[in-house]
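Analysis of the macromolecular model
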Amino acid sequence: MPKRYAIIGDIVGERMGDDIAPGAGAAIGLALRDLGGEITLRSRIGNDEPGTVLLQQIKAARIHPKNIDVIDGITGSLVRHEDGSFEEFTPGVLMTKDGVMDIYALFGHDALVLDLLDQPLRMFLIDLPAHTDGTVRMLTTLRHLDHLEARSDELEIAMRCDTIVGTEEQYLKLIGKESASDVFGEIYDQMPFTQLRAAIMITDGGIDCLSRDGRLLRPVQDAVPELLMPQVVAGIAWGMAHHAEWDAAITMALEPESVA
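Residues numbered from 1 in each chain as written. Predicted model: local features only at pLDDT ≥ 70, side-chain atom pairs only at ≥ 80, totals over all residues. Heavy atoms only, no water.

1. Overview of the pairing of strand β13 (residues 214-219)
Relative to β13, strand β12 (residues 206-211) runs antiparallel, the two sharing six bridges. In the sheet register, Gly-206 faces β13, and the bridge partner there is Pro-219. Joining the antiparallel neighbours β12 and β13 is a turn of two residues. (Pairing = 2+ DSSP bridges. Helix = DSSP H or I, 4+ residues; strand = E, 2+ residues; numbered from the N terminus.)

Below you can see the structure in the form of structure tokens.
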């Protein structure tokens, strides 16, 4: 039986040249579908032409649209360059606390991924397992830090999740440090007193995974962190759902064709 993954996140149209593709939470959903997962994507999207195109692509990937609200307005978008950088970010219609959701159903999946720009909703959802279901295996991305300043309690909130996945730039902004080693040093010191099991950093050299068992480095030639993000999140979520070792999860992220 395929594992079940819930994603509560944004749908952002990523434009590269004349093409537009589902980004943010939708891109993670597509990457998880490639690993054979059953996906619930809880999101919102605009009813403009880009939103229609993106929704068609999501449906074509066999992700049911029943949990995606179509809202009057423009769809969130950005222009992505080949080097991973972006410009012209337009928030548009994103997932917020206004979106009604079945918390118990979403938390009942094998793994839950949060990929949200809306900080109040993100904080609300991260805090819920303590009051509802303590068995939830939750992953948060740090994508919001591409567009927002870090809060003073940003790290403490993120470490309530089982795993954190972000780029090196996002981690530096998360903690306000000058090097990846300083970032992981601070996280490692606090990890025994938190829910966090692993912090995964995507760098231009590859994947750097800090867990309670130690540190694992996986080189990737010519890595583009921003473009690797969806498949790395998918691989780590796969590992969480299958209770796999971190090394196996990273292998699945980088070699999705290896899925049985």
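2. Focus on the packing of aromatic side chains
If you walk through the whole model with that rule in mind, you get one aromatic pair. Pairing Tyr-171 with Phe-184 gives two aromatic rings, centres 5.9 Å apart and planes at 80 degrees, and the pair type is edge-to-face. Here Tyr-171, found in helix α6 (residues 168-175), pairs with Phe-184, found in helix α7 (residues 180-190); they are 13 residues apart in sequence, far enough to count as distant. For the residue pair Tyr-171 and Phe-184, the accessibility class agrees, reading buried in each case. (Phe/Tyr/Trp six-rings, centres within 6.5 Å; stacked < 30°, edge-to-face > 60°. Buried < 20%, exposed > 50% of the residue type's maximum accessible area, 1.4 Å probe, protein only.)

3. Notes on the side chain of Thr-96
Relative to the elements of secondary structure, Thr-96 occurs in the loop between β7 (86-90) and α3 (103-107). Setting aside residues no more than four positions away along its own chain, Thr-96 makes contact with Arg-44, Asp-118 and Leu-121. (Contact = heavy atoms within 4.5 Å.)

4. Structural notes on helix α2 (residues 49-60)
Taking 1.5 Å per residue, 12 residues should reach 16 Å; α2 reaches 17 Å between its end C-alpha atoms and fits that length. Within α2, the full set of buried residues consists of Gly-51, Leu-54, Leu-55 and Ile-58. End-on, the buried residues of α2 take up no more than an arc of 100 degrees, which puts them together on one face. For α2, exposure combined with an orientation more than 90 degrees from the buried face picks out Glu-49, Gln-56 and Ala-60. Each element contacted by the buried residues of α2 is listed here: β2 (11-16), β3 (19-24), α1 (25-34), β4 (38-46) and β5 (68-71). For α2, the N-terminal capping position is held by Asp-48, with its side-chain oxygen 3.1 Å away from the main-chain nitrogen of Gly-51. At the exit of α2 stands Arg-62, carrying a positive phi of roughly 65 degrees. (Expected span 1.5 Å × (residues − 1). Arc of directions from axis to C-beta. Polar contact = N/O pair within 3.5 Å; in protein donor to acceptor, adjacent residues only side chain to side chain.)

5. Some points on the environment of Arg-44
The topology assignment puts Arg-44 in strand β4. C-alpha separation for the pair Arg-44 and Gln-170, spaced 126 residues apart in sequence, amounts to 24 Å. Ignoring sequence-local partners within four residues, the contact set of Arg-44 consists of Ile-11, Ile-68, Asp-69, Ile-71, Val-93, Leu-94, Met-95, Thr-96 and Asp-98. Reaching out from Arg-44, the side chain makes a polar contact with the backbone oxygen of Leu-94 at a distance of 3.1 Å.

6. Regarding the sheet that holds strand β10 (residues 163-167)
Taken in spatial order, the nine strands line up as β5-β4-β1-β8-β9-β10-β11-β12-β13 in an open sheet, and their pairing is mixed. Two strands bound the open sheet, and with one partner strand each, they are β5 and β13. Strand-to-strand twist across the sheet, computed as the mean angle between neighbouring axes with direction ignored, equals 15 degrees. Sheet analysis places strand β1 (residues 4-9) next to strand β8 (residues 111-115), joined by five bridges and oriented parallel. Pairing of Tyr-5 across the sheet is with Ala-111, part of β8. Strands in contact with α2 are β4 and β5; relative to β4, the strand with the most contacts, it is inclined by about 175 degrees. In this fold helix α4 (residues 119-127) packs onto β1, β8 and β9 (138-141), with an angle of close to 160 degrees to the strand it touches most, β9. (Axes fitted to C-alpha atoms, helices over the stretch in contact; angles between N-to-C directions.)

7. Brief notes about the sheet that holds β2
Read from one edge of the open sheet, four strands run β3-β2-β6-β7, paired in mixed fashion. One side of each edge strand has no neighbouring strand; the edge strands of this open sheet are β3 and β7. On average, each strand axis in the sheet is inclined to that of its neighbour by 25 degrees, with strand direction left out of account.

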